[in-house]
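# Report on the structure
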Amino acid sequence: MQTALTKNLADVFERIRQSAKRAGRKSSEIKLVAVSKTHPAETLREAISAGANILGENKVQEAEGKITEIGRGAAEWHLIGHLQSNKARKAVQLFEVIHSVDSLELAERLERICLEEGRENLSVFVHVDLAGEATKAGIAENDLASLVEFLKECKCLKFDGLMILPPYSDNTEDARPYFISLREIRDNLASQNAFSNGTGELSMGMSHDFEIAIEEGATIVRVGTAIFGERVHRLTRISADKS
Ligand SMILES: *Cc1c(COP(=O)(O)O)cnc(C)c1O
(Lines give C-alpha, C1' and ligand atoms only; values in the text may rest on other atoms or scores of the structure.)
Protein backbone atom coordinates (compact mmCIF):
# COMPACT_ATOMS: atom_id res chain seq x y z
CA MET A 1 0.00 0.00 0.00
CA GLN A 2 1.29 3.46 -0.95
CA THR A 3 0.69 5.75 2.03
CA ALA A 4 0.99 9.54 1.95
CA LEU A 5 4.23 9.28 3.89
CA THR A 6 5.74 6.80 1.43
CA LYS A 7 4.79 9.01 -1.48
CA ASN A 8 6.07 12.19 0.20
CA LEU A 9 9.37 10.54 0.98
CA ALA A 10 9.78 9.33 -2.60
CA ASP A 11 8.96 12.86 -3.83
CA VAL A 12 11.59 14.41 -1.54
CA PHE A 13 14.23 11.91 -2.71
CA GLU A 14 13.33 12.75 -6.30
CA ARG A 15 13.54 16.51 -5.67
CA ILE A 16 16.96 15.97 -4.06
CA ARG A 17 18.04 14.08 -7.19
CA GLN A 18 16.78 16.81 -9.48
CA SER A 19 18.40 19.66 -7.53
CA ALA A 20 21.69 17.79 -7.42
CA LYS A 21 21.49 17.28 -11.16
CA ARG A 22 20.78 20.99 -11.77
CA ALA A 23 23.80 21.87 -9.66
CA GLY A 24 26.01 19.34 -11.43
CA ARG A 25 26.41 17.31 -8.24
CA LYS A 26 25.99 13.64 -7.45
CA SER A 27 22.85 12.95 -5.43
CA SER A 28 24.83 10.32 -3.51
CA GLU A 29 26.70 13.26 -1.91
CA ILE A 30 23.50 14.42 -0.23
CA LYS A 31 21.97 12.80 2.82
CA LEU A 32 18.41 13.25 3.97
CA VAL A 33 17.59 13.67 7.64
CA ALA A 34 13.88 12.98 8.01
CA VAL A 35 12.84 15.35 10.79
CA SER A 36 10.37 13.37 12.86
CA LYS A 37 9.91 15.70 15.84
CA THR A 38 6.38 15.73 17.31
CA HIS A 39 5.42 12.55 15.40
CA PRO A 40 4.72 9.29 17.25
CA ALA A 41 6.95 6.22 17.16
CA GLU A 42 4.66 4.32 14.80
CA THR A 43 5.03 7.07 12.18
CA LEU A 44 8.80 6.92 12.56
CA ARG A 45 8.71 3.14 12.04
CA GLU A 46 6.74 3.68 8.86
CA ALA A 47 9.30 6.22 7.65
CA ILE A 48 12.15 3.83 8.40
CA SER A 49 10.55 1.00 6.47
CA ALA A 50 9.89 3.41 3.59
CA GLY A 51 13.63 4.12 3.36
CA ALA A 52 14.35 7.03 5.71
CA ASN A 53 17.48 5.73 7.41
CA ILE A 54 18.42 8.95 9.23
CA LEU A 55 15.92 10.52 11.62
CA GLY A 56 16.23 13.98 13.16
CA GLU A 57 14.78 15.01 16.50
CA ASN A 58 15.03 18.40 18.19
CA LYS A 59 14.30 17.56 21.83
CA VAL A 60 16.29 15.05 23.82
CA GLN A 61 13.45 14.01 26.10
CA GLU A 62 10.99 13.43 23.30
CA ALA A 63 13.60 11.55 21.30
CA GLU A 64 14.50 9.35 24.25
CA GLY A 65 11.05 7.81 24.42
CA LYS A 66 10.89 7.13 20.71
CA ILE A 67 14.46 5.85 20.38
CA THR A 68 13.95 3.51 23.32
CA GLU A 69 10.78 2.19 21.73
CA ILE A 70 12.13 1.81 18.19
CA GLY A 71 15.72 0.90 19.00
CA ARG A 72 18.95 2.79 18.55
CA GLY A 73 20.06 0.45 15.81
CA ALA A 74 16.89 0.85 13.74
CA ALA A 75 18.03 4.16 12.24
CA GLU A 76 20.80 6.74 12.53
CA TRP A 77 19.56 9.27 15.07
CA HIS A 78 20.55 12.93 14.73
CA LEU A 79 19.92 15.71 17.24
CA ILE A 80 19.11 18.89 15.29
CA GLY A 81 17.72 21.16 18.03
CA HIS A 82 19.46 23.31 20.61
CA LEU A 83 21.02 21.17 23.35
CA GLN A 84 20.67 22.30 26.96
CA SER A 85 23.65 21.41 29.07
CA ASN A 86 21.59 19.35 31.52
CA LYS A 87 20.53 17.08 28.63
CA ALA A 88 24.06 16.58 27.30
CA ARG A 89 24.62 13.15 28.87
CA LYS A 90 21.35 11.78 27.51
CA ALA A 91 22.22 13.19 24.09
CA VAL A 92 25.60 11.42 24.15
CA GLN A 93 23.82 8.16 24.97
CA LEU A 94 21.17 8.50 22.26
CA PHE A 95 22.54 10.20 19.17
CA GLU A 96 24.99 9.41 16.37
CA VAL A 97 25.37 13.03 15.29
CA ILE A 98 24.69 16.33 17.08
CA HIS A 99 24.08 19.19 14.61
CA SER A 100 23.65 21.86 17.24
CA VAL A 101 26.91 22.42 19.12
CA ASP A 102 26.94 26.17 19.62
CA SER A 103 29.25 27.06 22.49
CA LEU A 104 32.65 26.18 23.86
CA GLU A 105 31.05 25.25 27.19
CA LEU A 106 28.74 22.75 25.52
CA ALA A 107 31.60 21.22 23.52
CA GLU A 108 33.72 20.90 26.67
CA ARG A 109 30.87 19.24 28.50
CA LEU A 110 30.18 16.81 25.65
CA GLU A 111 33.85 15.83 25.41
CA ARG A 112 34.05 15.23 29.15
CA ILE A 113 30.88 13.14 29.13
CA CYS A 114 32.09 11.08 26.16
CA LEU A 115 35.29 10.29 28.08
CA GLU A 116 33.26 9.29 31.14
CA GLU A 117 30.85 7.18 29.12
CA GLY A 118 33.51 5.53 26.98
CA ARG A 119 31.96 7.01 23.85
CA GLU A 120 34.98 7.15 21.55
CA ASN A 121 33.39 8.81 18.55
CA LEU A 122 30.69 11.44 18.61
CA SER A 123 30.17 13.29 15.38
CA VAL A 124 29.34 16.96 15.96
CA PHE A 125 28.43 19.88 13.73
CA VAL A 126 28.68 23.49 14.83
CA HIS A 127 25.50 25.50 14.49
CA VAL A 128 26.52 28.91 13.18
CA ASP A 129 24.28 31.95 13.59
CA LEU A 130 25.04 34.26 10.67
CA ALA A 131 21.98 36.45 11.15
CA GLY A 132 22.97 37.77 14.57
CA GLU A 133 19.73 36.55 16.04
CA ALA A 134 20.62 37.16 19.65
CA THR A 135 17.69 35.26 21.10
CA LYS A 136 18.26 32.18 18.98
CA ALA A 137 20.68 29.29 19.26
CA GLY A 138 23.88 29.16 17.24
CA ILE A 139 27.38 30.55 17.70
CA ALA A 140 28.36 33.93 16.27
CA GLU A 141 30.92 33.79 13.49
CA ASN A 142 33.36 35.77 15.68
CA ASP A 143 33.34 33.04 18.32
CA LEU A 144 33.73 30.18 15.88
CA ALA A 145 37.54 30.09 15.75
CA SER A 146 38.04 29.34 19.45
CA LEU A 147 35.39 26.62 19.40
CA VAL A 148 37.05 25.05 16.34
CA GLU A 149 40.46 25.16 18.05
CA PHE A 150 39.00 23.24 20.98
CA LEU A 151 37.23 20.70 18.76
CA LYS A 152 40.47 19.97 16.88
CA GLU A 153 42.06 18.81 20.16
CA CYS A 154 39.17 16.61 21.26
CA LYS A 155 39.70 12.87 21.58
CA CYS A 156 36.05 11.86 21.35
CA LEU A 157 34.23 14.66 19.56
CA LYS A 158 34.69 14.51 15.81
CA PHE A 159 34.19 17.89 14.22
CA ASP A 160 32.45 16.88 11.00
CA GLY A 161 30.53 19.87 9.73
CA LEU A 162 28.51 23.07 10.07
CA MET A 163 24.79 23.67 10.41
CA ILE A 164 22.65 26.71 9.75
CA LEU A 165 19.04 27.66 10.29
CA PRO A 166 18.44 30.93 8.41
CA PRO A 167 15.77 33.33 9.71
CA TYR A 168 12.38 32.26 8.44
CA SER A 169 11.16 34.04 5.35
CA ASP A 170 8.28 33.37 2.94
CA ASN A 171 10.69 34.04 0.13
CA THR A 172 12.95 30.99 -0.01
CA GLU A 173 15.55 32.93 -2.00
CA ASP A 174 16.27 34.94 1.17
CA ALA A 175 18.03 31.88 2.57
CA ARG A 176 20.48 31.59 -0.31
CA PRO A 177 23.04 34.18 0.93
CA TYR A 178 23.18 32.34 4.27
CA PHE A 179 23.82 29.04 2.54
CA ILE A 180 26.57 30.61 0.42
CA SER A 181 28.23 32.17 3.50
CA LEU A 182 28.15 28.90 5.41
CA ARG A 183 29.73 27.09 2.46
CA GLU A 184 32.51 29.69 2.34
CA ILE A 185 33.18 29.27 6.06
CA ARG A 186 33.22 25.49 5.57
CA ASP A 187 35.66 25.73 2.63
CA ASN A 188 37.92 27.97 4.65
CA LEU A 189 37.92 25.59 7.63
CA ALA A 190 38.49 22.61 5.34
CA SER A 191 41.56 24.31 3.89
CA GLN A 192 42.89 24.58 7.46
CA ASN A 193 42.27 20.84 7.99
CA ALA A 194 39.78 21.63 10.74
CA PHE A 195 37.41 18.74 10.01
CA SER A 196 37.87 15.16 11.22
CA ASN A 197 36.29 13.87 8.02
CA GLY A 198 38.34 16.09 5.68
CA THR A 199 35.80 18.02 3.63
CA GLY A 200 33.24 18.96 6.30
CA GLU A 201 29.51 18.45 5.94
CA LEU A 202 27.06 21.28 5.35
CA SER A 203 23.78 20.66 7.18
CA MET A 204 21.43 23.18 5.59
CA GLY A 205 18.01 23.31 3.99
CA MET A 206 14.52 22.43 5.30
CA SER A 207 11.20 21.64 3.62
CA HIS A 208 10.76 25.03 2.01
CA ASP A 209 14.33 25.68 0.91
CA PHE A 210 16.27 22.40 0.64
CA GLU A 211 16.54 22.64 -3.14
CA ILE A 212 18.29 26.01 -2.84
CA ALA A 213 20.53 24.60 -0.13
CA ILE A 214 21.54 21.74 -2.44
CA GLU A 215 22.32 24.18 -5.23
CA GLU A 216 24.63 25.94 -2.76
CA GLY A 217 26.40 22.82 -1.57
CA ALA A 218 24.35 21.20 1.22
CA THR A 219 25.50 17.67 1.96
CA ILE A 220 22.76 17.06 4.55
CA VAL A 221 19.23 18.41 4.29
CA ARG A 222 16.81 18.31 7.24
CA VAL A 223 13.27 17.83 6.00
CA GLY A 224 10.21 17.40 8.20
CA THR A 225 6.94 18.84 6.92
CA ALA A 226 7.43 17.79 3.30
CA ILE A 227 7.68 14.17 4.48
CA PHE A 228 5.43 13.95 7.53
CA GLY A 229 2.94 16.75 6.88
CA GLU A 230 2.20 19.70 9.14
CA ARG A 231 3.17 19.30 12.76
CA VAL A 232 0.51 19.52 15.43
CA HIS A 233 1.64 22.12 17.93
CA ARG A 234 0.85 20.82 21.32
CA LEU A 235 -0.42 22.86 24.23
CA THR A 236 2.56 22.06 26.43
CA ARG A 237 4.86 23.55 23.84
CA ILE A 238 2.79 26.69 23.43
CA SER A 239 2.62 27.40 27.14
CA ALA A 240 6.36 26.70 27.51
CA ASP A 241 7.05 29.23 24.77
CA LYS A 242 5.02 31.90 26.53
CA SER A 243 6.82 31.63 29.83
C1 LIG B 1 11.97 21.35 12.50
C2 LIG B 1 13.33 21.52 11.96
C3 LIG B 1 13.63 21.20 10.62
C4 LIG B 1 12.59 20.72 9.64
O5 LIG B 1 11.67 21.72 9.32
P6 LIG B 1 10.57 21.52 8.18
O7 LIG B 1 10.23 22.89 7.77
O8 LIG B 1 9.42 20.81 8.82
O9 LIG B 1 11.17 20.72 7.09
C10 LIG B 1 14.93 21.35 10.20
N11 LIG B 1 15.91 21.78 11.04
C12 LIG B 1 15.67 22.11 12.32
C13 LIG B 1 16.78 22.59 13.17
C14 LIG B 1 14.38 21.99 12.82
O15 LIG B 1 14.14 22.31 14.10
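Attention in this report is confined to the structure presented alongside it. Small disclaimer: the values here were computed from a predicted structure and weren't measured.

This part is about the overall build of the protein. Of the regular secondary structure elements, the protein holds 10 helices and nine strands. By the compact-globule yardstick of 18 Å for 243 residues, the protein fits well, its C-alpha radius of gyration being 17 Å. With respect to the principal axes defined by its C-alpha atoms, the protein has extents near 50 × 40 × 35 Å. Sequence separation of 24 or more characterises 62% of the internal contacts of the protein that already satisfy a separation of 6 or more. Approximately 11,900 Å² of the protein is accessible, and the part contributed by carbon and sulfur atoms is 48%. For the protein, the distance from the average position of its 31 positive side-chain charges to the average position of its 37 negative side-chain charges is 3 Å.

Here the focus is the packing of helix H1 (residues 4–22) against helix H2 (residues 41–49). Look at H1 against H2: their axes get within 10 Å of each other, and the N-to-C directions meet at 50 degrees. Judged on the interaxial angle alone, H2 and H1 are oblique. Two packed elements cross with a definite hand, and for H1 against H2 that hand is right-handed. Mapping the contact onto sequence places Leu-5, Thr-6 and Leu-9 in H1 and Thr-43, Glu-46 and Ala-47 in H2.

In summary, the side chains of a regular strand alternate between the two faces of the sheet. Residues Ile-54 and Gly-56 point to one face of strand S2 (residues 54–57) and Leu-55 and Glu-57 to the other, with burial holding for every one of them. In this sheet, S2 lies alongside strand S1 (residues 31–35) in parallel orientation, the contact comprising two bridges. Across the sheet, the residue bridging to Val-35 is Gly-56, located in S2. Considered for its hand, the β-α-β crossover made up of S1, H2 and S2 is right-handed. Two elements, S2 and strand S3 (residues 76–79), share four bridges in a ladder whose sense is parallel. Bridge assignment links Glu-57 to a residue of S3, and that residue is Leu-79. Note that the unit made of S2, helix H3 (residues 60–70) and S3 has a crossover that is right-handed.

Criteria and thresholds
Residue indices follow the written sequence of each chain, beginning from 1 at its first position. Side-chain atom pairs in this predicted model are given and counted only at pLDDT of 80 or more, local residue features only at pLDDT of at least 70, and totals for whole chains, interfaces and linings cover all residues. The basis for every side-chain value is the complete set of heavy atoms in the structure, and neither hydrogens nor water enter the calculation. Each helix is a run of DSSP H or I of at least 4 residues and each strand a run of E of at least 2, with the numbering of both proceeding from the N terminus. This radius of gyration counts C-alpha atoms alone. The globule rule is 2.2 Å times how many residues there are, raised to the power 0.38. Note on contacts: a residue pair qualifies if any of its non-hydrogen atoms lie within 4.5 Å across the two residues. Method for areas: the Shrake-Rupley scheme with a 1.4 Å probe, in which residue coverage is limited to the protein chains shown. As used throughout, the charge tally considers Lys and Arg to be positive and Asp and Glu to be negative, leaving His and the chain termini uncounted. A charged residue contributes its charge at one atom only: NZ of Lys, CZ of Arg, CG of Asp or CD of Glu. To obtain an axis, a line is fitted to C-alpha atoms, over the contacting stretch when the element is a helix, and the angle between two such axes runs from 0 to 180 degrees between their N-to-C directions. Angular relationships are summarised with four words: roughly parallel below 35 degrees, roughly antiparallel beyond 145, roughly perpendicular across 65 to 115, and oblique for the angles in between. Crossing chirality is assigned from the near helix's rotation relative to the far helix, an anticlockwise turn below a right angle marking it left-handed and a clockwise turn marking it right-handed. Exposure categories follow from relative accessible area, calculated using a 1.4 Å probe and restricted to protein chains: below 20% of the type maximum is buried, above 50% is exposed, and the middle band is partly exposed. Two strands form a pair only when DSSP identifies at least two bridges running between them. Here is how to tell: hold the view so the strands point away, follow the path from the first strand over the helix to the second, and if it runs clockwise the crossover is right-handed.

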